[in-house]
Amino acid sequence: MLAGGSGTRLRPITHTSSKQLVPVANKPILFYALEAIAAAGITDVGVIVGSTAEEIKAAVGDGSAFGLDVTYIPQSEPLGLAHAVLIARSFLGQDDFVMYLGDNFVLEGITDVVDEFRKDPCDAQILLTRVSDPTAFGVAVIDHQGRVTDLEEKPRNPRSDLAVAGVYLFTPRVHEAVRAIDVSARGELEITDALQWMIDERLAVRSTVITGYWKDTGNVNDMLEVNRTLLERLETRIEGYVDEASEIIGRVRVEAGAEVRGSRIVGPAIVGAGSVVIDSYIGPSTSVAENCRITGSEIEYSIMLRDSCFEGIRRVEASLVGRNVQVTLAPRLPATHRLVIGDHGRVQIPS
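Calculation rules
Residues numbered from 1 in each chain as written. Predicted model: local features only at pLDDT ≥ 70, side-chain atom pairs only at ≥ 80, totals over all residues. Heavy atoms only, no water. Axes fitted to C-alpha atoms, helices over the stretch in contact; angles between N-to-C directions. Helix = DSSP H or I, 4+ residues; strand = E, 2+ residues; numbered from the N terminus. Parallel < 35°, antiparallel > 145°, perpendicular 65-115°, else oblique. Left-handed = near helix turned anticlockwise from the far one by under 90°. Contact = heavy atoms within 4.5 Å. Buried < 20%, exposed > 50% of the residue type's maximum accessible area, 1.4 Å probe, protein only. 1 Å grid on protein atoms, 1.4 Å probe; cavity = no way out; pocket = protein on both sides within 12 Å on 5 of 7 lines; lining within 4 Å. Points joined across faces, edges and corners; volume = space filled by probe spheres on them. Nonpolar A, V, L, I, M, F, W, Y, C, P; charged D, E, K, R; others polar. Pairing = 2+ DSSP bridges.

Engineer: Explain the packing of helix 1 (residues 29-39) against helix 2 (residues 53-60) residue by residue, including any values.
Structural biologist: To describe two helices that pack against each other, one gives the angle between their axes and the distance between the axes. At a minimum axis distance of 11 Å, the contact between helix 1 and helix 2 shows a crossing angle of 55°. Considering the angle they form, helix 1 stands oblique to helix 2. Viewed along their axes, helix 1 and helix 2 form a crossing whose handedness is right-handed. From helix 1, Leu30, Phe31 and Leu34 reach across to helix 2, where they touch Ile56, Ala59 and Val60.

Engineer: Would you mind going over the environment of valine 85 in detail, with residue names and values included?
Structural biologist: As for its placement among the helices and strands, valine 85 is situated in helix 3 (residues 81-87). Under the relative-accessibility criterion, valine 85 is labelled buried at 2%. When the C-alpha atoms of valine 85 and leucine 189 are compared, they prove to be 9.8 Å apart, with 104 residues separating the residues in sequence. Non-local contacts of valine 85, meaning those with residues more than four positions away in its chain, are made with Leu92, Phe97, Met99, Val174, His175, Val178 and Ile191.

Engineer: Go over empty space enclosed by the protein, please, and point to the residues and values.
Structural biologist: Counting across every chain of the model gives 1 cavity of 30 Å³ or more. Size it by volume and the largest cavity reaches roughly 40 Å³. Around the largest cavity, the lining residues are Val139, Val141, Asp150, Leu151, Glu152, Pro158 and Arg159. Elements with a contribution of two residues or more to the lining of the largest cavity: strand 8 (138-142) and strand 9 (148-153). With 3 residues, strand 9 is the single largest residue contributor to the lining of the largest cavity. Residues of the lining of the largest cavity, tallied by class, amount to 4 nonpolar, no polar and 3 charged.

Engineer: Pulling in residues and values, what's your account of the pairing of strand 8?
Structural biologist: Direction of pairing for strand 8 relative to strand 9: antiparallel, over a ladder of 5 bridges. Residue pairing across strands places isoleucine 142 opposite valine 148, the latter belonging to strand 9. Strand direction decides the pairing type here: strand 8 and strand 10 (residues 162-170), joined by 2 bridges, are antiparallel. Residue pairing across strands places valine 139 opposite alanine 163, the latter belonging to strand 10.

Spelled out as structure tokens, the structure:
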């Protein structure tokens, strides 16, 4: 399980938090991957960690909450997926294994492909998905039998629309491949280069094309889309307090300890434990995490992380709000803007 990396596309959120622990539908994205691994009957998991190691360890622990036995494998720098295989050699031994990118989301899980690999093993098997812009991914070319004939990392002129979907199944033959390749122009040991080496050596590299939902949650738009998709599967459950002046429409979850007063919530939406919503509107595809406070405000199609506060904010949409954030109205006078914005932030202000 890959849980390192700096998450540059999610800054400024990832200046202070691991990208794999940003929640969608109020659960860290990494937890969905761990649950998928457990559901596939895998119990021993090595988690590759980097600069956010302590945060990952605090969240995942020994893995017992997921039915897993977790070992942490430190990676000093994000030097590529093949490098992750290289440093995990002693943990992996001579076992077949799954490599899963912790910020990828496969809605239907990986049980079917793991079962297929167990029944009909090959040297490597990779999940692929069709994308509109293959230039942002590793791209595969396959033959009519689903065998991979060529791979390229983030090509300028892709020869197919099949992107590598962040889940790989390997036999121990891959260890020879990761030792044989050189560092790429990006300064990394690319897993696509290792797979290409296996192809060139006439080893069997098979593909499975995902027909269901998949996302690489590396940027805000994809996070919001995964959040929307998961909330669409939400079942209504009101465990917290909702007063008679409030209106709940559609699939809405109000978790235990949350309060909703004089407000309108249109699902799918979730209000986390300990959060308070007063005289406000929460629209579809919105996740409000634990211990938030929303007063006299409107929010829709957004993710709000724990311990944050909105007061008197007329409308917020398509937003990712970090932890312990306070958003309030500025004084009417003087006519100026006062901002505290993280590195690489983007702000739109009406004239």
